[in-house]
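# Observations on the model geometry
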Amino acid sequence: MLHNKSFVKKTKSVKVMKLENPAIDDVVMLSVVLDEIKNKNLSIYNRVRALCSNPLRRFFVFSNKHHKDTYVKEMSGESKNDRNDRAIRVATQWYQKHLGGATRVLVVINDRENKRKAIEEGIYAETKTDLGLD
């Protein structure tokens, strides 16, 4: 049984090396996050996909954009980044409810404002800096 799942938000090449550390496992990558990585750097995207393909690492892709309970429409005046941040929070809340109380879901976020919103919504969140991933 998995005891902790982590959602990972946006990364750069150096950060991918930290994800490649064998001590990091049981990670759920949201499809919205993978899309952002792919749009920024195809090489990093391929490295992350390789992690997701390795069964020993237990990295999983969750297609949050295509799930009825986690799909998020863009709100009027909302930037794409804000929509993606909101989509990550919605997927995290859904996943926590799906797993129940036995497992705590951690969402790794790249900015303090999104962390503040996540905590206000009852989500266990840390920034990359808080976790030493910056």
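Per chain, the residues get numbers from 1 upward, laid out in the order the sequence is written. At least 70 in pLDDT is required for a residue's local features to be given in this predicted model, at least 80 for side-chain atom pairs to be given and counted, and no such filter applies to totals for whole chains, interfaces and linings, which use all residues. Side-chain descriptors were evaluated using all non-hydrogen atoms of the structure, hydrogens and water having been removed beforehand.

### Considering the overall build of the chain
Strands here mean DSSP runs of E at least two residues long; helices mean DSSP runs of H or I at least four residues long; both are numbered from the N terminus. For the chain, the helix and strand inventory stands at five helices and five strands. Start at the N end of the chain and walk to the C end: the helices and strands fall as β-α-β-α-α-β-α-β-α-β. Going through the 134 residues of the chain one by one, you find that 44% of them count as buried. Any two residues whose heavy atoms approach within 4.5 Å are treated as being in contact. Long-range pairs, those at least 24 residues apart, make up 57% of the contacts in the chain between residues at least 6 apart in sequence. Only the protein chains shown count as covering a residue, and every accessible area follows the Shrake-Rupley method with a 1.4 Å probe. Counting only carbon and sulfur atoms, one obtains 53% of the accessible surface of the chain, whose full area is about 7,500 Å². Throughout this description, buried means an accessible area under 20% of the type-specific maximum (1.4 Å probe, protein chains only), exposed means over 50%, and partly exposed covers the range between.

### Quick word on the nonpolar core
One broad trend across soluble globular proteins is that nonpolar side chains are buried collectively. Side-chain atoms within 4.5 Å are what join buried Ala, Val, Leu, Ile, Met, Phe, Trp, Tyr and Cys residues into a set we call a nonpolar core. Judged by nonpolar contacts, the single largest core of 26 residues is most densely connected at Met29, Leu30, Val33, Ile37 and Val48. Among the secondary structure elements, those contributing two or more residues to this core are strand E2 (27–30), helix H2 (31–40), helix H3 (42–53), strand E3 (59–62), helix H4 (80–99) and strand E4 (104–109). When residues of this core are assigned to their parent elements, the largest contribution, five residues, is made by H3.

### Topic: the packing of H2 against H4
The axes used here are C-alpha line fits, helices contributing only the stretch in contact, and every angle between their N-to-C directions lies in the interval 0 to 180 degrees. One can describe the packing of H2 onto H4 by two numbers: an axis separation of 9 Å at closest approach and a directional angle of 145°. Of H4, the residues touching H2 (which contributes Val32, Val33 and Glu36) are Arg83, Asn84 and Ile88.

### Remarks on helix H5 (residues 112–120)
Where H5 is concerned, the buried positions are Asn114, Lys115 and Ala118. Seen along its axis, H5 keeps its buried residues to an arc of 105°; they face one direction. Facing away from the buried side of H5 by over 90 degrees, the exposed positions are Arg112 and Glu120. Pairing of N or O atoms within 3.5 Å defines a polar contact, subject to two protein rules: one partner must be a possible hydrogen donor and the other a possible acceptor, and residues neighboring in sequence count only if both atoms are side-chain atoms. The distance from a side-chain oxygen at the start of H5 to the backbone nitrogen of Glu113 is 3.3 Å, and the residue carrying that oxygen is Asp111. Just past H5, the residue Gly122 takes up positive phi, approximately 85°. Here the arc refers to the directions that run from the helix axis out to each C-beta atom.

### Concerning unusual backbone geometry
Excluding glycine, a negative phi dihedral is what most residues carry, and trans is how most peptide bonds are arranged. In this structure, Asp26 takes a positive phi of about 55° despite not being glycine. Positive phi, normally seen in glycine, also occurs at Arg58, with a value near 55°. Here Arg58 shows up in the loop between H3 and E3.

### With respect to the pairing of E2
Taking every second residue as pointing to the same face, both faces of E2 are buried, with Val27 and Met29 on one and Val28 and Leu30 on the other. Any two strands between which DSSP finds at least two bridges are classified as paired. In this structure, E2 lies alongside E3, joined through four bridges in parallel fashion. By the bridge assignment for E3, Leu30 is matched with Phe62.

### Some remarks on the side chain of Asp26
Note that Asp26 resides in the loop between helix H1 (13–19) and E2. With a relative accessible area of 9%, Asp26 lands in the buried category. A distance of 2.5 Å separates polar atoms of two side chains, one belonging to Asp26 and the other to Arg58.

### Remarks on the environment of Arg89
Tracing the backbone through its elements, the reader meets Arg89 in helix H4. Accessibility expressed as a relative area gives 6% for Arg89, which makes it buried. Placed 25 residues apart in sequence, Arg89 and Asn114 show a C-alpha to C-alpha distance of 8.8 Å. Filtering out sequence-adjacent residues up to four positions away, Arg89 remains in contact with Asn114, Lys117, Ala118, Glu121 and Ile123.

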